[in-house]
Amino acid sequence: MHRLFRLFPGFLFAFLATAVAAQAPPVPAAAAWFLTDVTSGQTLAAGNADDRREPASLTKLMTAYVVFGALRAKTIVPSQMVAVSQAAWKAEGSRMFIEPRRAVSVDELLRGMIVQSGNDASIALAEAVAGSEEAFVARMNAEAARLGMDNTRFTNATGLSNPQHYSTAADTAKVAVALIRDYPEFYPLYSQKEFRYNNITQPNRNRLLWSDPHVDGMKTGHTDAAGWCLVATALRADRRVLAVVLGASSDAARASEAQKLLNWGFQAFDTVQLYQSGKQVTTLRVWKGAAPEVPAGFLADRYLTLPKGKADKLQVTMQAQEPLVAPVARAQRVGTVKVALEGKQMAEFPLIALEEVPLASFFGRMWDTVRLWFRK
């Protein structure tokens, strides 16, 4: 099976770093960091990004991802009332202050977890979805494996310290991007600046929601072992960039270091749309088919991030599969598009058939067989 979009991340990062030497990436004062262009999926900068660290409350990104899946599947609904267990009520760390004598809605618990970072809310949601936190954590680990988070293991739904509970900056970016991509209807919860429950108003701990109008999420975390952590993402025009900072020295430091990464990501690079989903790029000759040609293009929008001001220097070449013989199925790979910048290859895209072409009649196939024989 071919992937629809393939980059060469190691080569690409080395090239970009050289191409924008005048705007070298910032080196955050943090234990690990990761910067990605969400629109194109490209990594822009990274440091110690695969080092395993305690993720603290960044764990709740995966907790939310699993809960959002249950909401999408309608196994729970936002208005559903949840009884508060003793385990949820007695949760250590940050809390939304739920009480065992007072049922709380799934919607309130989501806001308590996302805005207030409540550990009690996280456990209550885990129990509502899976029956127990332990069963819920199994789902978290299954989703992490599916998303390719190879250096991540969860032991709880809250992020409380445990030597066997770990993730990385790169893996944290994966779940953050997946959440934005897969559950856009729930993502606005991450921009909510405060939430009031049980007569207690608590602010969102993501300082960038107040200081940068383009920032609309996502999650903070802190324990003594993890340090001060932040996933922050900003949308400018149609382009989204996401930064992960782990192990900063303070609340203020994690915000300032993430801001530096986001600003550099927008200032040093442009993201261009190369191809539009479903739009014909070319037509290819089809042999022994009911139609002589097939339209070819891409079944998803194709973007590329490159150093600012370099878009007009892109060079695109196409290699068609020859000979292309019917039957041709829709979405079948029929060629390759290669993209280079100033002579250096940056990306390679499979070219896809946008329509099917069935076999021609017996006589049509025989005629093309003869023609192909003379082409040899």
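Above this note sits the structure.
Predicted model, so just to flag it, every value in this text is computed and none were measured.

How each quantity is defined
- Residues numbered from 1 in each chain as written.
- Predicted model: local features only at pLDDT ≥ 70, side-chain atom pairs only at ≥ 80, totals over all residues.
- Heavy atoms only, no water.
- Salt bridge = Lys/Arg side-chain N within 4 Å of Asp/Glu carboxyl O.
- Helix = DSSP H or I, 4+ residues; strand = E, 2+ residues; numbered from the N terminus.
- Buried < 20%, exposed > 50% of the residue type's maximum accessible area, 1.4 Å probe, protein only.
- Patch = residues over 30% accessible without salt bridge, like charges linked within 9 Å, V, L, I, M, F, W, Y side chains within 5 Å.
- Areas by Shrake-Rupley, 256 points an atom, 1.4 Å probe, with all protein chains shown as cover.
- Core = buried A, V, L, I, M, F, W, Y, C linked by side-chain atoms within 4.5 Å.
- Contact = heavy atoms within 4.5 Å.
- Axes fitted to C-alpha atoms, helices over the stretch in contact; angles between N-to-C directions.
- Parallel < 35°, antiparallel > 145°, perpendicular 65-115°, else oblique.
- Left-handed = near helix turned anticlockwise from the far one by under 90°.
- Nonpolar A, V, L, I, M, F, W, Y, C, P; charged D, E, K, R; others polar.
- Expected span 1.5 Å × (residues − 1).
- Polar contact = N/O pair within 3.5 Å; in protein donor to acceptor, adjacent residues only side chain to side chain.

**Comments concerning the pattern of salt bridges**
A full pass over the atoms with the stated rule returns 14 salt bridges. Note that Asp251 and Arg254 form a salt bridge whose closest N and O atoms lie 3.2 Å from each other. Residue Asp251 and its partner Arg254 are located together in helix 9 (residues 251-268), separated by three residues, close to a single helical turn. We classify Arg254 as buried; its relative accessible area is 3%. Across the salt bridge formed by Asp270 and Lys308, the nearest N and O atoms sit 2.7 Å from each other. Of the two residues, Asp270 sits in strand 11 (residues 269-275) while Lys308 sits in the loop between strand 14 (302-307) and strand 15 (314-320), which places them 38 residues apart along the sequence. Of the residues examined, Asp270 reaches a relative accessible area of 24% and is grouped as partly exposed. The exposure class of Lys308 is partly exposed, given its relative accessible area of 41%. The network of salt bridges with common partners includes Arg207, Asp251 and Arg254.

**Section: a nonpolar patch on the surface**
The grouping of Trp367, Val370, Trp373 and Phe374 at the surface amounts to a nonpolar patch, some 530 Å² of accessible area in total. Mapped onto the elements, Trp367 comes out in helix 10 (residues 362-375).

**Some thoughts on the nonpolar core**
Counting residues in each nonpolar core, the largest one holds 66 residues, and the members touching the most others are Met62, Phe68 and Met218. Excluding anything up to four places from it in sequence, Phe68 contacts Leu110, Ile114, Leu179, Tyr183, Phe186, Leu189 and Tyr190. The next biggest cluster of nonpolar side chains, apart from the first, holds 24 residues, and it includes Ala30, Leu44, Val245 and Ala253.

**Quick word on the packing of helix 2 (residues 60-72) against helix 7 (residues 169-182)**
At their nearest, the axes of helix 2 and helix 7 sit 9 Å apart, and the two run at 25 degrees to each other. Considering the angle they form, helix 2 stands roughly parallel to helix 7. The two elements helix 2 and helix 7 cross, and the hand of that crossing is left-handed. Here Leu61, Met62, Ala64, Tyr65, Phe68 and Arg72 of helix 2 come into contact with helix 7, specifically with Thr172, Val175, Ala176, Ala178, Leu179 and Asp182. A per-class count over the contact of helix 2 with helix 7 returns nine nonpolar, one polar and two charged.

**Quick look at helix 5 (residues 119-130)**
For helix 5, which comprises 12 residues, the first-to-last C-alpha distance of 16 Å matches the rise-based estimate of 16 Å (1.5 Å per residue) to within 8%. Counting buried positions over the 12 residues of helix 5 gives nine, a clear majority of the element. Listed as buried for helix 5 are Asn119, Asp120, Ala121, Ser122, Ile123, Ala124, Leu125, Ala126 and Val129. Count one or two residues on from helix 5 and you reach Gly131, which has phi positive near 95 degrees.

**Brief notes about the environment of Leu189**
Among the structural elements, Leu189 can be located in the loop between helix 7 and strand 6 (194-197). On a C-alpha basis, the gap between Leu189 and Ala311 in space is 35 Å, while along the polypeptide they are 122 residues apart. When neighbours within four sequence positions are excluded, Leu189 is seen to be in contact with Phe68, Leu110, Arg111, Ile114 and Val115.

**Comments concerning the side chain of Gln202**
Mapped onto the fold, Gln202 is located in strand 7 (residues 200-203). A polar side-chain atom of Gln202 sits 2.9 Å from the main-chain carbonyl oxygen of Arg95. For Gln202, the residues in contact, after removing those within four places along its chain, are Arg95, Met96, Phe97, Val115, Gln116, Lys193, Glu194 and Phe195.

No statement about biological role is implied by the geometric values presented.
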